[in-house]
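Residues per chain, in single letters:
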Amino acid sequence: MITVLSDGKLFVLNTSRTTYAFRVMDTGHLEHLHYGRKIHIDSDDGLLEQSEFAPGNTNIYNAENGKFSMEDIRLEISTIGKGDVREPAAELINTDGSRTSDFVFRSYALEKGKEREADIPGSYGPDADVLKITLEDRENSLTLVLAYAVFEECDVITRSSELINNGEGDVVIERLMSTQLDFDPGDYSLVTFNGAWAREMNKNIQKVGAVKLVNSSCGGSSSNKANPFVMLGRGAFDEDYGEVYGINLIYSGNHYTCVGKNQSGKVRLVTGINPQGFSWKLAKGESFRSPEAVMTFSASGCNTMSHGMHDFVNSHIVSGEWKERLRPVLLNSWEAAYFKISERRLLKLARRARKAGVELFVMDDGWFKGRNDDSSSLGDWTPDAEKLPHGIKGICDKVRKLGLEFGIWVEPEMVNENSDLYRAHPDWAMKIPGKAHSTGRNQMILDLTRVEVQDYIIDAMSSVFSSADISYVKWDYNRNFSDVYLTSLPADRQGEAAHRYILGLYRIMNTLTGRFPHILFEGCASGGNRFDLGIFSYFPQIWASDDTDAYQRAIIQNGYSYAYPQSCYTCHVSDVPNHQTLRRTPLDTRFNVALFGNTGYECNLCDLPAEEFEEVKRQIEFIKANRKLMQYGRLWRVSSFDEGKILSWTVSAKDGSEAMSLIMQSLATPNESHDVLYVRGLNDDVKYHIEVRENTYDLRGFGGLVNYVAPFHVKQDSFVHRVIAKFYKMPSEKESHEMYGDAMMYAGVHIKQRFASLGYNENTRYYPDFGSRIYKIGKAG
């Protein structure tokens, strides 16, 4: 809800549990008053910065307003040249070459409902309350519109900026941030999620001080090195305690978030397009709109903050036929075959997948003409006649005849130099004419700023997607920008290249998802190199990481869960030793971790031992019985490997009727045998039944210890050992309790003792390195 007070000079934006307020100062500038816990406001009395004298060695705005300095006021929008020397939200070069900007209030407008824009993705919702504040810089003939949207039930407020050139000459934008947040002095910490290929989303916490903290990407995408989502915590905070802000950006390109304190301790955060390497020439009558920033606040810790973000993404970012739809269990061919695919080999794998209960079979990279490794053929989107003699339709029809849906991998934004496309159109690749260029994964990036390149991709992909009854597309992007240059633009406009590329990408995605609404599109960028709300505006899910190791995936998925709901990231059970880490983790742990997302498989089911294949069948039955809860339930982080050796998550139904909990350890420790499971999301006064998901274990996991109970000596890994293991399986412990919800959440469930070198029986958990358990909770009776 948006309330306008004080004759149109005080603006109060309320969600269910938060308040955001600002006012128009006498100078016409916007003073930020409050963002945080929901409060009652009917005037600005007591909320204003009170100042009789400007701080020493600072500048005043003008003679009539000499009691304060712009560098010590909490502002909604900061520019250069009028005394505010903090991080600016806007940085412009005016027609006369000057850099001073002075935007003051002109008017406001209220609107009901928000539609998605055509050229750049954003939030949407018929119930959103929208406030547009129009500011003007009269001396430079510029208009700046700040657009706020309130999504009350999600506790989310979004903001974007639009600059309009009303003058006669060109203006150059060097930065135009999406939002700015100014805070009173306090103890703040910035939480960022950083990493690299195969180890995305590691949580990092830094105290905010006089030295600016920057979280940014500059490689052309939102990046696996620094996700655009950040949190700002005030004082002490954890998952269930303290004040936490969450800030994200609906954008897939180079981004920038900066936080710092000024000399009086006030804190400023800005976020938007990365100004590094960016500039945009704005001609007379033209406008430029920033991406939309997303803001939320929780007074009760990170879990509540995440819940608002999750609801917002599911309800107001993801759209189309796959919004809130259950996702199929898939098998991807990549780690089973890599580039060595053929119709015969794929069908053998698909038949095995069907027996396991898989619903969707995906043909990954290697299917198109001449594609035997990553050095050739990108851009030539015709099937390889040797590998697929009956084309895409032939393999698709045969897979569908087995009772499976069919999916395909593509990487439309790239081209190999060894390809027919590059030989025909070398100018379509992004490079600097006449200079040597760099490559990544033996490929180059197509110049998506050119309409003819966009149209080629749209036509080529339309041909592929319509060539057979395709249900799923994995859209990859496997390198970062280098040698950024646009032959279509003059030298003084090359700073527009990276952003124009993203706008071209959005046009392609918007066209193809509109043309093929039934297809489930999954984004991928070497895993999580472009995991952001911009992509989610077109594709309802993204491959979280190329790393499928269960331990590393637990860390990665824990990081994503702060901003993104489980329905948005895909998680696969793979072979061991893991192809990225060579680590061996138990099959049930690989499944247990993958269960907390869109679960699939990426392994050679044809090579699985019979007992493991039977376990996979049971796993898939379990997924199908519980995927509504696991994909769209409320996720709670109880503990993580950031804090110690135990990770625990709960996903609960939003009404508290049921839940699923995971507990997992990293390395086993001798003589530590007891764990307490704390469930979350239940109703205090309801009685529940909790039970462990039962399994069986290979006694060879005990190695030579089998001789403590065997009537004769068994040599480890001998034929006799293998025969015994084939016919005798160790059942897991049975765990069953009835407790009230508040008891499970606050006293905890004391689960059965794990093996700790002191003995083993049917009441002991077999719990090696990276051991885990799933517990299902439902109402008793």
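Residues numbered from 1 in each chain as written. Predicted model: local features only at pLDDT ≥ 70, side-chain atom pairs only at ≥ 80, totals over all residues. Heavy atoms only, no water.

*Asks:* Mind laying out the nonpolar core, listing which residues take part and the relevant values?
*Replies:* The biggest cluster of nonpolar side chains holds 188 residues, and the ones touching the most others in it are Leu 13, Ile 133, Trp 367, Trp 381, Phe 465 and Tyr 601. Ignoring any residue separated from it by four or fewer positions in sequence, one finds Leu 13 in contact with Met 1, Ile 2, Thr 18, Thr 19, Tyr 20, Phe 22, Leu 131, Tyr 148, Val 150 and Ile 157. Residues Val 679, Tyr 688, Val 692 and Met 744 belong to the second largest nonpolar core, which totals 16 residues. (Core = buried A, V, L, I, M, F, W, Y, C linked by side-chain atoms within 4.5 Å. Buried < 20%, exposed > 50% of the residue type's maximum accessible area, 1.4 Å probe, protein only. Contact = heavy atoms within 4.5 Å.)

*Asks:* Tell me about helix H10 (residues 587-594), and please be specific about residues and values.
*Replies:* Counting buried positions along H10 gives eight out of eight residues, so the element sits mostly inside the fold. Residues Leu 587, Asp 588, Thr 589, Arg 590, Phe 591, Asn 592, Val 593 and Ala 594 constitute the buried set of H10. (Helix = DSSP H or I, 4+ residues; strand = E, 2+ residues; numbered from the N terminus.)

*Asks:* Lay out the environment of Glu 691 with the relevant residues and their values.
*Replies:* Take Glu 691: it is sitting in strand S37 (residues 687-692). The class of Glu 691 is partly exposed, set by a relative accessible area of 37%. Expressed as a C-alpha distance, the spacing of Glu 691 and Ile 777, which sit 86 residues apart in the sequence, is 6.7 Å. The contact partners of Glu 691, leaving out residues within four places of it in the chain, are Glu 735, Ser 736, Ile 774, Tyr 775 and Lys 776.

*Asks:* Run through the packing of helix H6 (residues 451-465) against helix H7 (residues 497-515), naming residues and quoting values.
*Replies:* At a closest axis distance of 10 Å, the pairing of H6 and H7 adopts a crossing angle of 30 degrees. With respect to their mutual orientation, H6 and H7 come out roughly parallel. For H6 against H7, the interelement crossing comes out right-handed. Contacts from Val 451, Gln 454, Asp 455, Ile 457, Ile 458, Met 461, Ser 462 and Phe 465 in H6 reach Gly 504, Arg 507, Ile 508, Thr 511, Leu 512 and Arg 515 in H7. In terms of residue class, the contact of H6 with H7 is built from seven nonpolar, four polar and three charged. (Axes fitted to C-alpha atoms, helices over the stretch in contact; angles between N-to-C directions. Parallel < 35°, antiparallel > 145°, perpendicular 65-115°, else oblique. Left-handed = near helix turned anticlockwise from the far one by under 90°. Nonpolar A, V, L, I, M, F, W, Y, C, P; charged D, E, K, R; others polar.)

*Asks:* Tell me about the pairing of strand S14 (residues 199-207), residues and numbers included.
*Replies:* When strand S13 (residues 188-196) meets S14, the two strands line up antiparallel, connected through seven bridges. Residue pairing in the sheet places Ala 196 in a bridge with Arg 199 of S14. (Pairing = 2+ DSSP bridges.)

*Asks:* Can you tell me about the sheet that holds strand S1 (residues 2-5), naming the residues and giving the values?
*Replies:* Read across the sheet, four strands follow the order S1-S2-S3-S4 without closing on themselves; strand pairing throughout is antiparallel. A strand with exactly one partner marks an edge of an open sheet, and here the two such strands are S1 and strand S4 (30-37). Looking at each pair of strands side by side, their axes are set apart by 15 degrees on average, direction ignored.

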